[in-house]
Amino acid sequence: MPVLLAPEQAPTLPGLLQAANPTGLDSSIVESDEPMPRIRGLGSLLSAGPSEISFLANPRLQGQLAQCRAAAVILTPETWQSLKADRPPFRVVLCSQPYLMYALLAQWFDRHRIQNLAKGIHPSAVIAASAQVAPDASIGPNCVIEDGARVGPGTRLGPGCIIGAGSSVGADGLLHAGVTLYHGVHLGDRVIVHSGAVLGADGFGFAPYPGSEPGAWAKIAQLGGVQVGNDVEIGANTTIDRGALEDTVIGNGVKLDNQIMVAHNVRIGDHTAMAACVGIAGSTVIGARCTIGGAAMLSGHIVLGDDVHVSGGTAITANVEKPGRYTGVYPFDEHVGWQRNAAVLGQLSQLRKRLRALEKHDK
Amino acid sequence: MPVLLAPEQAPTLPGLLQAANPTGLDSSIVESDEPMPRIRGLGSLLSAGPSEISFLANPRLQGQLAQCRAAAVILTPETWQSLKADRPPFRVVLCSQPYLMYALLAQWFDRHRIQNLAKGIHPSAVIAASAQVAPDASIGPNCVIEDGARVGPGTRLGPGCIIGAGSSVGADGLLHAGVTLYHGVHLGDRVIVHSGAVLGADGFGFAPYPGSEPGAWAKIAQLGGVQVGNDVEIGANTTIDRGALEDTVIGNGVKLDNQIMVAHNVRIGDHTAMAACVGIAGSTVIGARCTIGGAAMLSGHIVLGDDVHVSGGTAITANVEKPGRYTGVYPFDEHVGWQRNAAVLGQLSQLRKRLRALEKHDK
Amino acid sequence: MPVLLAPEQAPTLPGLLQAANPTGLDSSIVESDEPMPRIRGLGSLLSAGPSEISFLANPRLQGQLAQCRAAAVILTPETWQSLKADRPPFRVVLCSQPYLMYALLAQWFDRHRIQNLAKGIHPSAVIAASAQVAPDASIGPNCVIEDGARVGPGTRLGPGCIIGAGSSVGADGLLHAGVTLYHGVHLGDRVIVHSGAVLGADGFGFAPYPGSEPGAWAKIAQLGGVQVGNDVEIGANTTIDRGALEDTVIGNGVKLDNQIMVAHNVRIGDHTAMAACVGIAGSTVIGARCTIGGAAMLSGHIVLGDDVHVSGGTAITANVEKPGRYTGVYPFDEHVGWQRNAAVLGQLSQLRKRLRALEKHDK
């Protein structure tokens, strides 16, 4: 559960709305005789306590407002109209996009937590003399920053991060504990990387090596790097391999969940988002604003255009040019039913032939 | 292969059976003129040497008893009756559940190994002044224990573990090398976590951010935490994300294999076990005593009842209330056969129509 | 993009070809009046600059030769004949296998980079008194080498690697940052392991524990180890579990990509290669020279023979003895089309019955 701010650290409601909203998203507080509350935290309609703010983004939850104990609730003007409540037990904040306002408020509370963490370079960090760390960057215990690596202003590295030789992290980044960047990996500004993510491991490339034993392989050393744009988030234990000769490229605003595998020379367009456990084979190119559902797989050397949406668990094995949603998932069933029907799959082509024969005969 | 205990450390057979079995599982040693052996290790029927104990849990392996060189073998009374061997070349231990007795013996040998590891707090560990580490906890090299974190009595942290601010590990836990707990993650007692597991990374939540570029996202900072019950085991490189506002919850006795992904706000009921590579999307609720096969995928916002068993590789995309086994896997075939039949899948609905037309005509 | 060598470090073309090719692969430089270039790097036909070498391995790219600015290009004698270019703007290297020559050259450039990294044992490494580290091994910052572990000559450990008690790494190995070996894990010579890989975590084994709560499990402690052969490569965040009683075994020359899961007691034959995200359940045995496509899944306790090739995304649920290619992937479609056809899957068995009835009637 979220930790509440100490009362003396808690902003007033208008102070919070102003501080949390640098984007100019509309918001107004409905007038009331009550004094302005101080807001110590953020919760759901049912869990928020009397010093927290909540929000109604999903109209189906409107019934929960009756039990809401929050100090303030964000509503659309339309919902507020429909409520016809003269004096609700909470302060009402009107906003055309309560879900976006919730996102901004949650960011504010998390930023507040992060700003209270230790700053500076922990004495146990191992930083090469030729590395460049911005004066206001924070480097956690046991970090290793190798020759020629750079860490930008405002960036924070959790414990045990490794920045390989010549790699760089831009400004205002956040690398959680235990992130590994090999050499030749470059991150833009405001990039968030979660624990256990590995950027720049060797792509999987081997040439048959006939001079050796039958079946043996010669490694193709991977000489390319990884380029990651601005405002990217990379999930825990996700891996992004370095390119063979050119770079693997992640566009601006891309969001990758946990345990995603991005193979060498893949290119991902701006603002594309992928849920967990997606695997993308080598040299595949993905457009902008795509969404890829969890555990989807993309074959290598294919192209997905912009605005392509892949359902979870789907294997995309060929180019997809047309925007839209694509699916290929075996529907689950009770085991016995599945067994009965799956056994027929291996005869489908035969069944079609038999059907054709009947049709011919029938004419 | 298992390492044998030094002869002087090896317990006698009755001593071992007593020490390994705190649960009162029945066991008795069949009388014999031979002196009681000392037991230096545990092996399978074919690999156990003359100072090791073995067991017969699978009746199909009974034929291997003839070649068994072990010092002692655990059998059911029924098997022993059926053997009619007057003087087998090994000591016979009778037990109604040899497989469970094997589990207990294996635990004993592993505990013995662990008890001989270095104890105390390694000088390279970085422990915040406000953290609370129980006097008999063991903290490995390069661990980082942040502000307000707690480590319970008898708990052991391997090298390089990170316990985030305010997080806690209960009593008698075992975190292998390189486990990462973010802030706000709480583990019960007797929890085992394997290397590379990450608990408490941000759930994958974004709101469309129309004020920015087309397709851009605003991060929804994840303010919830993770709650893990007692007697839980979490596999290597598994990730359990923190909740958005409430906590992600793992029940008592849950067993998670490697490379499992548990998204934010998931709840897993007591004693549910999941094989490797399972992915569970956000807010899904799983009942008690379920088993989820390897590489199965569960969609978000669905509910699985108690005692639901999902086959490996199956995508569960809707609620499952009824206990039982559920499957949805594409049967594999030689590539050419698969190709021939898979091509017909895209015409199934048409084929059904054509069949209906024939049936109508036929009447 | 690859970093170019400084001009004074760059070898001449014949020097490079000789140094990079210890295997005796044929190569000859076509005579020319121009002086021999020094080669500072390696690039693709379109990206290589005037101090780099390139290669033509895929005949479909032959058209790119016209724009190639490289200092030298590796061609087959056949391609060179067909070009009929008297004086190409680059030096021509003739080789019967340009792709293999490219692999060898890339290895040379990467070896050159590695040889310039820091050598020796970093003072922050924690090495047990009873561990044996070869004099010319390199141990990075924050590595932990436990009791009785051994690191062979010429082996390099990146930052934060952990070598568990009694484990061993052979000669000329390369463990990138953050590799974890539990106790009882043995690697052969020339093994490469990428960041975040975990070898030797407990296999997933539990016995029902009826004396406790309904559904509870007793852990089967995993007493076996892991054996890895020579010339193996293991990808980032891949996990290979220790055996229950015997060892998990990875043969010589095996290549495993990222995020692969190898469960306990699996055995993988020589020179088998697996793409990312493959999962292999316990006790499965895989032959030599197999290839397993990305995200394929193999059930437990099955056997795959030699030279079996599994397509990506395929679930292999039974023994496969015959060499060949095997596939089982649900073909993707536009969502609406998939929905229409997938709905019929649950009636396949019925459809077959109805077809039979018509056929009977038709006779």
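The structure presented is a predicted model; accordingly, all values stated were derived computationally and were not measured.

What follows deals with the interface of chain C and chain A. Contacts between the two partners involve 67 residues from chain C, matched on the other side by 69 residues from chain A. Summed over both partners, the interface of chain C with chain A buries about 5700 Å², with 64% contributed by carbon and sulfur atoms. Here chain C and chain A share 3 salt bridges between them. Glu233 of chain C is the partner of Lys219 of chain A in a salt bridge, and the nearest nitrogen-oxygen pair spans 2.8 Å.

Take the relation of the copies chain B and chain A next. Between chain B and chain A, the superposition needs a rotation of 120 degrees and an axial shift of 0.0 Å, giving an RMSD of 0.1 Å. Within this description, the copies of the chain are treated as partners about a three-fold rotation axis. Comparing interface residues between copies, only 16% of those in chain B also sit at the interface in chain A, which points to a heterologous contact through distinct surfaces.

Opposite the 69 residues of chain B that make contact, chain A presents 67 residues. Summing the contributions of chain B and of chain A, the shared interface buries around 5700 Å²; its carbon and sulfur component is 64%. The tally of links between chain B and chain A comes to 3 salt bridges. A salt bridge links Lys322 of chain B to Glu334 of chain A; the nearest nitrogen and oxygen atoms lie 3.0 Å apart. Our count for the contact surface shared by chain B and chain A stands at 27 residue pairs in polar contact (both at pLDDT 80 or more). Residue assignment for the side of chain B that touches chain A shows that the elements contributing at least two residues are β19 (206-208), β20 (217-219), β35 (315-316), β36 (324-327), α4 (335-345) and α5 (348-362) of chain B. Among the elements that make up the side of chain B that touches chain A, the one with the highest residue count is α5 of chain B (6 residues).

Attention shifts here to unusual backbone geometry. Glycine aside, residues mostly have negative phi angles, and peptide bonds mostly take the trans form. The backbone of Ser283 of chain A shows a phi angle near 70 degrees, a positive value even though the residue is not glycine. As for its position among the elements, Ser283 of chain A is in the loop between β29 (279-280) and β30 (285-286). What makes Ser283 of chain A partly exposed here is its relative accessible area of 26%. Although it is not a glycine, Asp172 of chain B adopts a positive phi angle of roughly 55 degrees. Along the polypeptide, Asp172 of chain B turns up in the loop between β13 (168-169) and β14 (174-175).

Attention now goes to the UniProt feature "active site" (unreviewed entry) in chain A. Residue and element names in this part refer to chain A. UniProt records the feature "active site" (unreviewed entry) for His264 in the present numbering. Here His264 shows up in the loop between β26 (261-262) and β27 (267-268). Overall, His264 belongs to the buried group, its relative accessible area being 14%. Setting aside residues up to four positions removed in sequence, His264 forms contacts with Gly203, Phe204, Gly205, Gln222, Asp241, Arg242, Gly243, Ala244, Thr248, Gly282 and Ser283. Side-chain polar atoms of His264 contact the side chain of Gln222, separated by 2.7 Å.

With that settled, consider the nonpolar core. In terms of nonpolar packing, the biggest core is built from 102 residues, with Leu175, Leu187, Leu199 and Ile268 of chain A touching the most fellow members. If near-sequence neighbours (up to four positions away) are discounted, Leu175 of chain A is found in contact with Arg156, Leu157, Gly158, Cys161, Ile163, Val169, Leu181, Leu187, Val191 and Val193 of chain A. Ala201, Ala263, Leu304 and Val310 of chain B belong to the second-largest nonpolar core, a separate cluster that totals 58 residues.

Glancing now at the side chain of Ser349 of chain C. Tracing the backbone through its elements, the reader meets Ser349 of chain C in helix α5 (residues 348-362). Classification of Ser349 of chain C as buried rests on a relative accessible area of 9%. Not counting chain neighbours up to four residues away, the residues in contact with Ser349 of chain C comprise Arg340, Asn341 and Val344 of chain A.

Below, the discussion takes up the packing of helix α5 (residues 348-362) of chain A against α4 of chain B. At a closest axis distance of 7 Å, the pairing of α5 of chain A and α4 of chain B adopts a crossing angle of 60 degrees. By the angle between their directions, the pair α5 of chain A and α4 of chain B is classed as oblique. Across the interface between the two elements, Leu348, Ser349 and Arg352 of chain A of α5 of chain A pack against Arg340, Asn341, Val344 and Leu345 of chain B of α4 of chain B. Of the residues in the contact of α5 of chain A with α4 of chain B, the class split is 3 nonpolar, 2 polar and 2 charged.

Let us now look at the sheet that holds strand β2 (residues 41-42) of chain C. Residue and element names in this part refer to chain C. An order of β1-β5-β4-β3-β2 is seen for the 5 strands of this open sheet, with the pairing classed as mixed. The sheet is open, and its two borders are formed by β1 (28-29) and β2, each paired with just one other strand. Where β1 meets strand β5 (residues 91-94), 2 bridges bridge the pair, whose relative direction is antiparallel. Residue pairing across strands places Ser28 opposite Leu94, the latter belonging to β5.

Turning our eyes to something else, we now look at the packing of aromatic side chains. Applying the stated criterion to the full structure yields 18 aromatic pairs over all chains. The interplanar angle of 90 degrees and the centroid separation of 6.1 Å between the aromatic rings of Tyr330 of chain A and Tyr330 of chain B together place this pair among those described as edge-to-face. In this pair, Tyr330 of chain A sits in the loop between β36 (324-327) and β37 (333-334) while Tyr330 of chain B sits in the loop between β36 and β37 (333-334), so the two residues belong to two different chains. On the basis of relative accessibility, which here comes to 6%, the residue Tyr330 of chain A falls in the buried class. Relative to Phe109 of chain C, the ring of Trp108 of chain C lies with its centre 5.0 Å away and its plane at 90 degrees, an arrangement referred to as edge-to-face. Neither Trp108 of chain C nor Phe109 of chain C differs from the other in exposure class; each is buried.

Now for the environment of Ser299 of chain C. Residue and element names in this part refer to chain C. The topology assignment puts Ser299 in the loop between β32 (297-298) and β33 (303-304). When the C-alpha positions of Ser299 and Arg111 are compared, they lie 38 Å apart, and in sequence the two are 188 residues distant. Apart from the residues within four sequence positions on either side, Ser299 is in contact with Ala281, Thr284, Ile316 and Thr317.

Turning our eyes to something else, we now look at helix α1 (residues 13-20) of chain A. Residue and element names in this part refer to chain A. Within α1, burial applies to Leu13, Leu16, Leu17 and Ala20. Projected onto a plane normal to the axis of α1, the buried residues spread over an arc of 95 degrees and lie on a single side. Check the buried side of α1 and you find it contacts β1 (28-29), β3 (52-55), β4 (72-75), β5 (91-94) and α3 (98-115).

Looking now at the sheet that holds β3 of chain A. A sheet is described by the order of its strands in space; here 5 strands give the open sequence β1-β5-β4-β3-β2 (chain A), paired in mixed fashion. Looking along the sheet, the strands with just one partner apiece sit at the ends: β1 and β2 (41-42) of chain A.

A separate point is the pattern of salt bridges. Residue and element names in this part refer to chain C. Scanning the entire structure with this criterion turns up 24 salt bridges over all chains. A salt bridge links Asp202 to Lys219; the shortest N-O distance between them is 2.8 Å. Of this pair, Asp202 sits in the loop between β18 (198-199) and β19 (206-208) while Lys219 sits in strand β20 (residues 217-219), placing them 17 residues apart in sequence. Just as Asp202 is buried, Lys219 falls in that class too.

Turning our attention to the pairing of strand β4 (residues 72-75) of chain B. Side-chain positions along a regular strand alternate between the two faces of the sheet. Residues and elements named next belong to chain B. Covered by surrounding structure in β4 are Ala72 and Ile74 together with Val73 and Leu75, the residues of both alternating faces. Here strand β3 (residues 52-55) runs beside β4; their pairing, made up of 3 bridges, is parallel. Along β4, the bridge assignment pairs Phe55 with Ile74. Inspection of the sheet shows β4 paired to strand β5 (residues 91-94) by 4 bridges, in the parallel sense. Looking at β5, one finds that Ala72 is bridged to Arg91.

Cut-offs used in this document
- Residues numbered from 1 in each chain as written.
- Chains lettered and ligands numbered in written order.
- Predicted model: local features only at pLDDT ≥ 70, side-chain atom pairs only at ≥ 80, totals over all residues.
- Heavy atoms only, no water.
- Contact = heavy atoms within 4.5 Å.
- Buried area = accessible area lost by both parts, 1.4 Å probe.
- Salt bridge = Lys/Arg side-chain N within 4 Å of Asp/Glu carboxyl O.
- Least-squares fit on C-alpha atoms with pLDDT ≥ 70 in both.
- Polar contact = N/O pair within 3.5 Å; in protein donor to acceptor, adjacent residues only side chain to side chain.
- Helix = DSSP H or I, 4+ residues; strand = E, 2+ residues; numbered from the N terminus.
- Buried < 20%, exposed > 50% of the residue type's maximum accessible area, 1.4 Å probe, protein only.
- UniProt positions renumbered as here; feature names shortened; annotations may be inferred.
- Core = buried A, V, L, I, M, F, W, Y, C linked by side-chain atoms within 4.5 Å.
- Axes fitted to C-alpha atoms, helices over the stretch in contact; angles between N-to-C directions.
- Parallel < 35°, antiparallel > 145°, perpendicular 65-115°, else oblique.
- Nonpolar A, V, L, I, M, F, W, Y, C, P; charged D, E, K, R; others polar.
- Pairing = 2+ DSSP bridges.
- Phe/Tyr/Trp six-rings, centres within 6.5 Å; stacked < 30°, edge-to-face > 60°.
- Arc of directions from axis to C-beta.

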